[in-house]
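Structural overview for review
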Number of protein chains: 2
Amino acid sequence: MEQVIELIDKKQFKELRNYLSTLHPFDISEIMEELNSKHSLLVFRLLSKDMAIEVFSHMEPAYQAKFSELIAEEELREIVNELNFDDKIDYLEEIPAVLVKKILKNTPESERKLINQFFNYPEYSAGSIMTIEFIDFKKQMTVKDSIARIRKIGYDKETIYTCYVTDRFRKLEGIISLKDLILADEYAKIEDVMQSDFISVTTTTDQETVATTFRDYDLLALPVVDSENRLVGIITVDDVIDVMEEEVTEDFHLMAGMQANEESYLDTSVKDLVKKRFPWLAILMISAAFTRAIMEGYDSLLSSVILLSANIPMLMGTSGNAGSQASTLMVRSIAVGDVVFKDIFKVLWKELRVSISIGIGLAILNFISLIFFSHYPLDISLIVSVTLIATITVAKLIGSSLPILAKKIGLDPAIMANPMISTILDALVLITYFSICSMALGI
Amino acid sequence: MEQVIELIDKKQFKELRNYLSTLHPFDISEIMEELNSKHSLLVFRLLSKDMAIEVFSHMEPAYQAKFSELIAEEELREIVNELNFDDKIDYLEEIPAVLVKKILKNTPESERKLINQFFNYPEYSAGSIMTIEFIDFKKQMTVKDSIARIRKIGYDKETIYTCYVTDRFRKLEGIISLKDLILADEYAKIEDVMQSDFISVTTTTDQETVATTFRDYDLLALPVVDSENRLVGIITVDDVIDVMEEEVTEDFHLMAGMQANEESYLDTSVKDLVKKRFPWLAILMISAAFTRAIMEGYDSLLSSVILLSANIPMLMGTSGNAGSQASTLMVRSIAVGDVVFKDIFKVLWKELRVSISIGIGLAILNFISLIFFSHYPLDISLIVSVTLIATITVAKLIGSSLPILAKKIGLDPAIMANPMISTILDALVLITYFSICSMALGI
């Protein structure tokens with residue numbers, strides 16, 4: 001980074017060009033995003049054409065859109081034409097419609113149709129992340145012919161390590177890895193060495209399922225077929241890694257009560273950050289009216305025994321923490337496929353035992369601390385400790401079951417994790433606490 | 001699953017064998033984990049030897065250990081010997097030391113030394129996840145020779161798609177992908193087609209860095225070198241996907257106040273779940289003594305104006321939520337490499353603007369709701385609303401900066417996310433609230 005700026009300042013463009021040629025395209029894209037527009041354009045101009053395309057495809061989507069405004073339409077069109085198909089689609093989805101139109105002006109009708117088809121795949125579906133640059137064979141070919149075909153058309157394919165065997169209606173008949181091709185006899189027929197039991201997904205398969213499939217079966221690529229089993233694209237492992245990160249980020253954001261944000265933090269405007277965070281905070285704040293109403297309902301109790309209200313933050317905090325332990329564990333277990341709906345009773349039974357053990361442990365600790373350190377009267381110490389056991393149990397049972405139920409009805413389990421739950425729990429904690437107080441103290 | 005049980009019950013072992021041969025080893029391992037020991041062993045015996053090894057390597061580590069007790073030592077030794085080196089190490093680390101000793105009884109001294117070396121790599125380091133089954137060339141070889149070498153030794157290598165060029169001291173000089181080999185001229189020299197600017201890590205590199213490197217550079221494999229730049233192993237993308245999941249799970253667990261758990265939920269005993277969750281809950285509960293003390297300190301204020309205490313849950317909840325939005329966003333941004341230490345002032349400035357906007361918005365909403373719906377007096381409505389702006393700002397600034405500082409001093413940023421922070425925030429909220437109350441109401 002410093003070196004690039006130094007070379008620009010000294011106008012040593014030849015040295016800069018040489019230095020850039022030793023870097024990975026990802027690193028160049030990172031450097032460009034840090035530079036001002038003028039310098040960034042300068043760096044870009046010093047790259048070879050192939051490298052420029054690589055660098056462009058490594059840029060963050062938001063920066064791609066920004067950078068597009070710096071270069072001439074003609075040049076932009078040339079770069080976009082050379083992008084891998086999936087990168088091209090991602091880019092076209094990011095920029096304004098008017099620019100899309102300009103870029104696609106001279107694109108042949110057939111490709112424009114294909115691009116439109118990709119635009120229409122549902123967001124987060126296999127169709128929306130696949131690419132069309134794969135290698136296909138016919139099953140009558142020999143291994144030798146196949147390798148010759150790879151040599152001929154392999155250069156700009158997304159992967160050559162998994163190849164696909166299709167019939168004349170483009171139906172997928174088998175897959176074969178380059179490893180198997182290399183290790184097989186040159187004159188063997190493809191149909192004898194290909195795998196006919198293969199895993200595929202359809203264009204509408206959810207991207208999270210795609211990611212799980214890659215992980216479970218240790219795949220490098222996965223074929224995508226349409227409803228008639230015709231091969232329409234492939235997904236490669238590098239794109240799946242990006243999907244995994246997106247999904248995880250989405251879960252994190254949902255669990256912290258934010259709308260998911262795909263842009264990087266530093267690139268997101270204050271306005272957008274506010275928009276993503278405000279709605280949940282407002283909803284949660286207004287829901288807290290319940291806790292207020294409950295406390296006001298018990299005002300005679302609270303004003304007669306002031307020690308009671310002093311324990312409310314601890315009770316709410318501990319139950320909230322206990323609940324979010326359970327819900328977080330469940331969200332994650334569902335995401336990695338460890339827990340499915342039919343396990344719900346096993347989970348509840350396990351959580352019941354866990355929460356009673358933890359509840360009793362904490363109650364004892366709390367009782368000792370109230371009696372010996374805070375010198376509370378016996379009755380209030382007992383009430384607080386018993387409440388603790390009850391609310392921890394409720395918190396764990398609700399926290400663990402809601403994500404499973406959410407998944408069952410097609411919601412994202414992460415929504416059922418943090419803040420909304422803790423607001424509900426807060427109300428439950430107060431009701432439980434005050435009920436026990438009223439009963440025990442007779443107020 | 002049902003089909004397997006049915007075939008076992010009907011004793012149709014030939015059909016079962018045929019059926020199993022159509023399944024992926026991962027699916028068979030999943031089925032076996034669901035079956036009882038007897039049936040699971042039966043299924044295992046019906047597999048071909050190669051398949052049995054594949055299935056064994058796909059089992060969850062805990063199940064591998066359990067399953068090892070079902071089969072004879074001799075058979076186990078045979079299976080373990082055939083495992084890929086990284087799988088073998090993972091397995092040996094999972095089982096009791098006495099079994100390790102038995103299994104390695106007849107292992108040659110050289111391999112035993114190697115295994116011990118792997119045991120000594122720090123946990124979560126590149127050394128602990130790498131494998132030694134790679135393909136190496138010398139730079140004088142031709143492309144044709146190299147492909148012949150792959151054919152000869154490629155069968156049981158972890159990958160043949162990236163190959164490594166070493167000198168006679170095993171120093172890494174270059175890497176070459178099978179794609180480049182296939183597309184290159186047969187008689188070209190390896191040194192002319194290999195990449196000399198390559199990315200490598202050392203045995204002690206943290207696995208999280210390894211994962212980021214794979215993602216940023218779209219890699220399929222990464223060479224691991226020792227301190228003298230000698231090639232000692234490689235890491236492949238399928239293992240990195242597992243690492244990514246582990247790291248994410250760890251973050252989730254830490255942020256929910258649990259010790260990280262690597263086993264699947266259903267396989268973890270109640271006792272272990274309690275052990276992972278109890279310590280944090282206890283620490284947090286005891287820290288809540290602060291909030292109790294603060295509230296007791298202001299008991300005259302609280303008993304004279306009961307409406308004040310009714311707003312405490314809302315204030316704590318909203319600030320806690322605002323803080324965890326900021327801390328979660330930061331933990332995730334740090335994990336994916338979007339935010340580094342030098343961005344801290346940019347982050348604080350951004351969060352300051354975000355929190356003031358959100359604070360004012362929520363304060364207005366809250367003021368309206370208190371005055372018009374809850375018919376609160378003007379002074380208390382104002383106090384609560386002003387407190388909201390102050391505590392949201394504090395929450396966002398603390399929530400966003402602590403994870404960055406944690407990373408800087410070598411802690412996991414996730415520790416600085418959820419529950420501990422909200423306990424600290426609870427105390428700050430109370431102090432802020434009561435100070436404003438005392439000033440405004442003169443009590």
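Since this is a predicted model, take the numbers as computed values, not measurements.

Conventions used here
- Residues numbered from 1 in each chain as written.
- Chains lettered and ligands numbered in written order.
- Predicted model: local features only at pLDDT ≥ 70, side-chain atom pairs only at ≥ 80, totals over all residues.
- Heavy atoms only, no water.
- UniProt positions renumbered as here; feature names shortened; annotations may be inferred.
- Helix = DSSP H or I, 4+ residues; strand = E, 2+ residues; numbered from the N terminus.
- Least-squares fit on C-alpha atoms with pLDDT ≥ 70 in both.
- Contact = heavy atoms within 4.5 Å.
- Phe/Tyr/Trp six-rings, centres within 6.5 Å; stacked < 30°, edge-to-face > 60°.
- Buried < 20%, exposed > 50% of the residue type's maximum accessible area, 1.4 Å probe, protein only.
- Lys NZ or Arg CZ within 6 Å of the ring centre and 35° of its normal.
- Polar contact = N/O pair within 3.5 Å; in protein donor to acceptor, adjacent residues only side chain to side chain.
- Buried area = accessible area lost by both parts, 1.4 Å probe.
- Salt bridge = Lys/Arg side-chain N within 4 Å of Asp/Glu carboxyl O.
- Nonpolar A, V, L, I, M, F, W, Y, C, P; charged D, E, K, R; others polar.
- Patch = residues over 30% accessible without salt bridge, like charges linked within 9 Å, V, L, I, M, F, W, Y side chains within 5 Å.
- Areas by Shrake-Rupley, 256 points an atom, 1.4 Å probe, with all protein chains shown as cover.
- Domains from an automatic or database assignment.
- Pairing = 2+ DSSP bridges.

With that settled, consider the UniProt feature "transmembrane region" (unreviewed entry) in chain A. Residue and element names in this part refer to chain A. Per the UniProt record, "transmembrane region" (unreviewed entry) is annotated on residues 352-374, 380-399 and 420-441. As annotated, residues 352-374 has a helix share of 96% and a strand share of 0%, and its two end C-alpha atoms lie 30 Å apart. For residues 420-441, helix accounts for 100% and strand for 0%, while the C-alpha atoms at its two ends are 32 Å apart.

Let's shift gears to the relation of the copies chain B and chain A. Here chain B sits on chain A after a turn of 180° about the axis and a move of 0.1 Å along it, with an RMSD of 0.1 Å. Taken together, the rotation angle and the small translation identify this as a two-fold axis. The position closest to the rotation axis in chain B is occupied by the C-alpha of B:Ser303, lying 2.8 Å away. When the interface residues of chain B are mapped onto chain A, 100% of them again fall at the interface, so both copies present the same face.

So, about the packing of aromatic side chains. Applying the stated rule across the entire model yields 20 aromatic pairs over all chains. Taking 5.4 Å as the distance between ring centres and 80° as the angle between the ring planes, the aromatic pair formed by B:Phe118 and B:Tyr121 counts as edge-to-face. Residue B:Phe118 shares its accessibility class with B:Tyr121, and that shared class is buried. Three or more aromatic residues joined by ring pairs form one cluster here, namely A:Phe44, A:Tyr63 and A:Phe67. We note A:Arg292 situated over the ring of B:Tyr376; from NZ or CZ to the ring centre the distance is 6.0 Å. Above the ring of A:Tyr265, the side-chain terminus of B:Lys350 is found at 5.6 Å from the ring centroid.

Turning to its location among the elements, B:Lys179 is positioned in helix α13 (residues 178-183). Here the side chain of B:Lys179 touches A:Lys157 through a polar contact of 3.2 Å, landing on its backbone oxygen. The contacts of B:Lys179, once residues within four sequence positions are left out, are A:Gly154, A:Tyr155, A:Lys157, A:Ile160 and A:Tyr161.

Contacts between the two partners involve 110 residues from chain B and, on the opposite side, 110 residues from chain A. Counting the surface chain B buries against chain A, the share from its top three residues, B:Phe252, B:Tyr265 and B:Arg292, is 8%. Seen at the junction of chain B and chain A, the total is 4 salt bridges. A:Glu245 is the salt-bridge partner of B:Arg215, the closest N and O atoms lying 2.8 Å from each other. Taken together, the residues of the side of chain B that touches chain A break down into 56 nonpolar, 26 polar and 28 charged.

Looking now at a nonpolar patch on the surface. All names here are of chain A. On the surface, a cluster of nonpolar side chains totalling about 610 Å² of accessible area is made up of Ile356, Ile360, Ile364, Ile368, Phe372 and Phe373. Summarising the element assignment, isoleucine 356 is placed in helix α22 (residues 344-373). By relative accessible area, which is 35% here, isoleucine 356 ends up partly exposed.

What follows concerns the UniProt feature "domain: CBS" (unreviewed entry) in chain A. Here the UniProt feature "domain: CBS" (unreviewed entry) sits at residues 194-250 of chain A. Along residues 194-250 of chain A the backbone is 44% helical and 23% strand, and the end-to-end C-alpha distance reaches 38 Å.

We now examine the domain arrangement of chain A. How big an interface is tends to be stated in terms of accessible area lost as the parts join. We note that the domain assignment places domain 1 (2-123), domain 2 (136-236) and domain 3 (288-441) within chain A. Placing a centre on the C-alpha atoms of domain 2 of chain A and another on those of domain 3 of chain A gives a separation of 52 Å.

Attention now goes to the pairing of strand β3 (residues 172-177) of chain B. Residues and elements named next belong to chain B. Among the 6 residues in β3, 5 count as buried, and that is most of the element. In the sheet, strand β2 (residues 162-166) pairs with β3 via 5 bridges, with the strands oriented antiparallel. Residue pairing across strands places threonine 166 opposite leucine 172, the latter belonging to β3. Remark: 5 residues form the turn of the hairpin made by β2 and β3, two consecutive strands paired antiparallel; arginine 170 in that turn has positive phi of roughly 65°.

The subject of this paragraph is the pairing of strand β5 (residues 221-225) of chain B. Residue and element names in this part refer to chain B. With 5 of its 5 residues buried, β5 lies for the most part within the structure. Of the two faces of β5, the one holding Ala221, Pro223 and Val225 and the one holding Leu222 and Val224 are both buried throughout. Pairing analysis gives 2 bridges linking strand β4 (residues 201-202) to β5, with the strands arranged parallel. Each bridged residue has a counterpart across the sheet, and for valine 201 the counterpart in β5 is valine 224. Two strands pair when backbone bridges link them, and β5 and strand β6 (residues 231-236) are joined in this way by 5 bridges, in the antiparallel orientation. Bridged to alanine 221 within β6 is threonine 236. Hairpin connection from β5 to β6: 5 residues lie between these consecutive antiparallel strands, with asparagine 229 at a positive phi of about 65°.

Our focus in this paragraph is the sheet that holds strand β3 (residues 172-177) of chain A. Residues and elements named next belong to chain A. With mixed pairing, 3 strands are arranged side by side in an open sheet as β1-β2-β3. The open sheet is flanked by β1 (136-137) and β3, the only strands paired with a single partner. Here β1 runs beside strand β2 (residues 162-166); their pairing, made up of 2 bridges, is parallel. Bridge pairing in β2 places phenylalanine 137 opposite valine 165.

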